[in-house]
Amino acid sequence: MTLISHTHKFIYIKNVKVASTSVEMFFEPYTYKNPLEHVPEHRCSFKSDQYGVVGGRPGHLNPGPILPHDGLGKVVRYLDNNGYNHKNYFKFCVARNPFDRVVSQYLFDLRTPWPPEHMYRRHRAEFGFGRYIDQYHIPAADYRRRIVINNKIGMDYFIRFEDLHAGITEVCEKLNITDYDLTNLGFAHGEYRRDAATKEIMPRRHYREFYEEAPEAKAKVERLCKWELEYFGYEY
């Protein structure tokens, strides 16, 4: 979920398929009065108090005004409209090579045990990566939308998915957070990496293997994610 800490003065924007839930659960305790006593719960209901805000999830009893993947512009407007000044908050999120991120989305759709109303996500992935990318709307512009304020990049820091621990450590240093433990940082949606029959974690394939089987998919990612590739310096 989107996180705001009034105590540590930070805003965390949750992007898609970048270990965002794992990072969310790591920083969620710092939106509470006693971080060391709070057990992250990947909550679904909106929470707002003097210590911080945790965004809600659509479809639940109390989703609230801030949702899981809302952009930075909406979040800072919420802060400013509620008597805070967003300029006093450290803003960060996670970035990931879009070639790798798109493969992650494909595997997630393919292996997640979706409820009936969302089974279309698995069905569109079952025909293979190339067909999936041909039909899948890659939300490239959506990524940039999440990180801008008045059409300008508003983030103070990007944690790189490729060096997650180092990025989280640096954010903690900037926020003067010292009471943390990275040894428990995992991947919240790691179940989709398991074989459906044996439940064993399958060997991780390099993302390039998927594009070698579907060259047209590589061209589509290059075209739609051009800004992202150039801004972050990612390459195939």
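Note: the structure precedes this text.
Residues numbered from 1 in each chain as written. Predicted model: local features only at pLDDT ≥ 70, side-chain atom pairs only at ≥ 80, totals over all residues. Heavy atoms only, no water.

(A) Layout of the overall build of the chain. Counting its regular elements, the chain contains 10 helices and 8 strands. Of the contacts made within the chain by residues no fewer than 6 positions apart, 63% connect residues no fewer than 24 positions apart. About 12200 Å² of surface is accessible on the chain, with carbon and sulfur atoms providing 51% of the total. (Helix = DSSP H or I, 4+ residues; strand = E, 2+ residues; numbered from the N terminus. Contact = heavy atoms within 4.5 Å. Areas by Shrake-Rupley, 256 points an atom, 1.4 Å probe, with all protein chains shown as cover.)

(B) Structural context of the nonpolar core. Counting residues in each nonpolar core, the largest one holds 41 residues, and the members touching the most others are I4, I11, F129, I133, F158 and Y211. Those elements that provide at least two residues to this core are helix 2 (72-81), strand 5 (90-95), helix 3 (98-111), helix 5 (129-135), strand 6 (148-149), helix 8 (207-213), helix 9 (215-224) and helix 10 (226-232). When residues no more than four places from it in sequence are discounted, the contact partners of I11 are L3, I4, L72, V75, V76, L79, Y89, F90, K91 and F92. Of all hydrophobic cores here, the second largest spans 26 residues; its members include M1, F26, F27 and F161. (Core = buried A, V, L, I, M, F, W, Y, C linked by side-chain atoms within 4.5 Å. Buried < 20%, exposed > 50% of the residue type's maximum accessible area, 1.4 Å probe, protein only.)

(C) Looking closely at helix 1 (residues 20-27). With 7 of 8 residues buried, helix 1 lies mostly within the body of the structure. Considered for burial, the residues of helix 1 that qualify are S20, T21, S22, V23, E24, F26 and F27. Its buried side turned inward, helix 1 meets strand 1 (3-5), strand 2 (10-12), strand 5, strand 8 (157-160) and helix 7 (164-174).

(D) Local environment of the pattern of salt bridges. As enumerated under the stated definition, the model contains 10 salt bridges in all. A salt bridge links D70 to K74, with the shortest nitrogen-to-oxygen separation between them at 3.0 Å. Among the residues examined, D70 registers a relative accessible area of 12% and is labelled buried. K74 sits in the partly exposed class, given a relative accessible area of 32%. Notably, a salt bridge pairs E170 with K174, separated by 4.0 Å at the nearest N-O pair. One end of the pair, E170, and the other, K174, are both in helix 7, 4 residues apart, so they sit about a helical turn from each other. Its relative accessible area of 44% is what places K174 among the partly exposed residues. Because the salt bridges share partners, they merge into one network encompassing R205, E209 and E213. (Salt bridge = Lys/Arg side-chain N within 4 Å of Asp/Glu carboxyl O.)

(E) Spatial organisation of the packing of aromatic side chains. If you walk through the whole model with that rule in mind, you get 26 aromatic pairs. Centre to centre, the rings of Y211 and Y236 are 5.9 Å apart; their planes meet at 85°, and the pair counts as edge-to-face. Remark: Y236 occurs in the segment after helix 10 and Y211 occurs in helix 8; sequence separation between them is 25 residues. For Y211, a relative accessible area of 2% puts it in the buried group. A residue is classified by how much of its surface remains accessible, and Y236, at 23% relative accessible area, is partly exposed. (Phe/Tyr/Trp six-rings, centres within 6.5 Å; stacked < 30°, edge-to-face > 60°.)

(F) Representation of helix 9 within the structure. Every buried residue belonging to helix 9 is among A217, K220 and V221, and all of these are buried. Down the axis of helix 9, the smallest arc covering the buried residues is 95°, so these residues share one side. Residues of helix 9 that are exposed and angled more than 90 degrees away from the buried face: P215 and R223. Turning to helix 9, the residues buried within the fold contact helix 3, helix 5, helix 8 and helix 10. (Arc of directions from axis to C-beta.)

(G) Just the sheet that holds strand 3 (residues 47-48), in detail. Read from one edge to the other, the open sheet built from 6 strands follows the order 3-4-1-2-5-8, with strand pairing classed as mixed. Unpaired on one side and paired on the other, strand 3 and strand 8 mark the two borders of the sheet. Examined bridge by bridge, strand 1 and strand 2 share 3 bridges and lie antiparallel to one another. Looking across to strand 2, one finds that S5 is bridged to F10. In the packing of helix 1 onto the sheet, contacts are made with strand 1, strand 2, strand 5 and strand 8, and the angle to strand 2 comes to roughly 155°. (Pairing = 2+ DSSP bridges. Axes fitted to C-alpha atoms, helices over the stretch in contact; angles between N-to-C directions.)

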